[in-house]
Each structure stands twice: as C-alpha cells, then as structure tokens.
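# Report on the structure
This is what each chain is made of:
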Amino acid sequence: MTGSSLRWIDRAHIALGSVSGLCILAIMAIVTPDVIARKTVSYTIPGAAELNTLLLVTLIYLGLAAAEAKRAHFVVTLLTDSLTPRYRRIAAILSTLVSLGYVGFLAWLTTLAASKSFLSGETTFGVVSFPVWPSRIAVAVGLSLLTLQLFVELIRLLGGHPAHVQDREGTVQ
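These remarks concern the structure in this document. (Residues numbered from 1 in each chain as written. Predicted model: local features only at pLDDT ≥ 70, side-chain atom pairs only at ≥ 80, totals over all residues. Heavy atoms only, no water.)

### Regarding the pattern of salt bridges
Within this structure, the stated rule accounts for 5 salt bridges. One salt bridge connects R156 with D10, and the closest N-O pair in it is separated by 2.4 Å. Highlighted residues: R156 in helix 4 (residues 133-158) and D10 in helix 1 (residues 3-41), separated in sequence by 146 residues. The two residues R156 and D10 agree in class, both being buried. In this structure, the salt-bridge partner of R156 is E153, at a minimum N-O distance of 3.3 Å. In this pair, R156 and E153 are both assigned in helix 4, 3 residues apart and thus about one turn of the helix distant. For the pair R156 and E153, a shared accessibility class is recorded, and that class is buried. (Salt bridge = Lys/Arg side-chain N within 4 Å of Asp/Glu carboxyl O. Helix = DSSP H or I, 4+ residues; strand = E, 2+ residues; numbered from the N terminus. Buried < 20%, exposed > 50% of the residue type's maximum accessible area, 1.4 Å probe, protein only.)

### Section: the packing of aromatic side chains
Taken as a whole, this structure holds 2 aromatic pairs when the rule is applied. When the ring of F105 is compared with that of W108, the centres are 5.9 Å apart and the planes differ by 35°; the resulting orientation is tilted. Separated by 3 residues within a single helix, F105 and W108 lie in helix 3 (residues 85-120), roughly one turn from each other. Relative accessible area serves as the criterion here: at 44%, F105 is assigned to the partly exposed category. Ring plane angle 85° and centroid distance 5.0 Å describe the contact between F118 and W133, whose orientation is recorded as edge-to-face. Here F118 is found in helix 3, whereas its partner W133 is found in helix 4, with 15 residues between them in sequence. The class of W133 is partly exposed, set by a relative accessible area of 29%. Its guanidinium or amino end placed over the ring of Y87, R86 lies 5.4 Å from that ring's centre, counting from NZ or CZ. (Phe/Tyr/Trp six-rings, centres within 6.5 Å; stacked < 30°, edge-to-face > 60°. Lys NZ or Arg CZ within 6 Å of the ring centre and 35° of its normal.)

In structure tokens, the structure reads:
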C-alpha cells in the first residue's frame, strides 16, 4: 500500500467518525421532545428509547476507526516509557499485531451474528417491536473498519513510520 492510499483510509475513517458524531444530534432531537412530552403531558414517544439505543451503538462503533486514525484512544505507557525508541517501536508493533488479531476476530464473529440477525429479522420484544439487526450491522462494520485501521497502523510501523510511538517528551520517533 502506498502512503497516499494509507492517508485516504485515514481520511475515510475520520469522515465516518464525523458521520457517527451526527448520531449525537439525532439522539438529542429524539430525547428532547420525548422528555418534554413525558414531563408535560405524561406521554412518551413510542420507540424513542429503542431508536436511541441503535443510534448510540452506531455512534460508538463507527467512531472507533476514526479515533484510531486520529490516535485519540487512550494509551497506557507505564511500561513503554522506560524503553529505548527501538524497543518502544517493537512493543508498538507487537501490541498492534495483537490488537489486529483480536479485533479482526471480533469483526468476523460480529459479522456472522449480524448476518444471522438480518436473515432472521431479529427484533426486540416490548411495546414497540424494533429491529435489532441494524445495531448488529453497525457493530460489525465498526469493528471491521477498526481492523482495517489497525492494519494501516501495522503497515506504517513495519515501514519505519511509527507515527504514534513517542518518547517521554512527546516527540515522534
């Protein structure tokens, strides 16, 4: 993969992260009238809670790859801070490789679950029967995109471009 294609993947994931941020506006647009109606006329909007759950799942999982692309996930550097830049890079490669395997496995499992849910037309039980499969698809897509972003990070690390490996002063190595 070329540097420009890696940057394109970063930008695409960040754009999807921005789209997931729009879910916050949708949640607010649903919650606000629901709360006002509940407090003023003792009426709740049917399906509002279920729709907000779908939006929240979409918000979280579509934002994962964007957070990785921006290097905005939290990082615990208690052990790696004392390493030399060379060993810090090796630790970054190993941790990215483990993360890639784990998240890739989760993406595969959630894709199978989403497919099964979609084909069976899985819905919730309650006052409003709400489809579950869109949430399952959002989880599968989000984890698949995170897997791709971790693969991009691994390529960068192996190519000698460890953009997220920093020394104690915060400078990139």
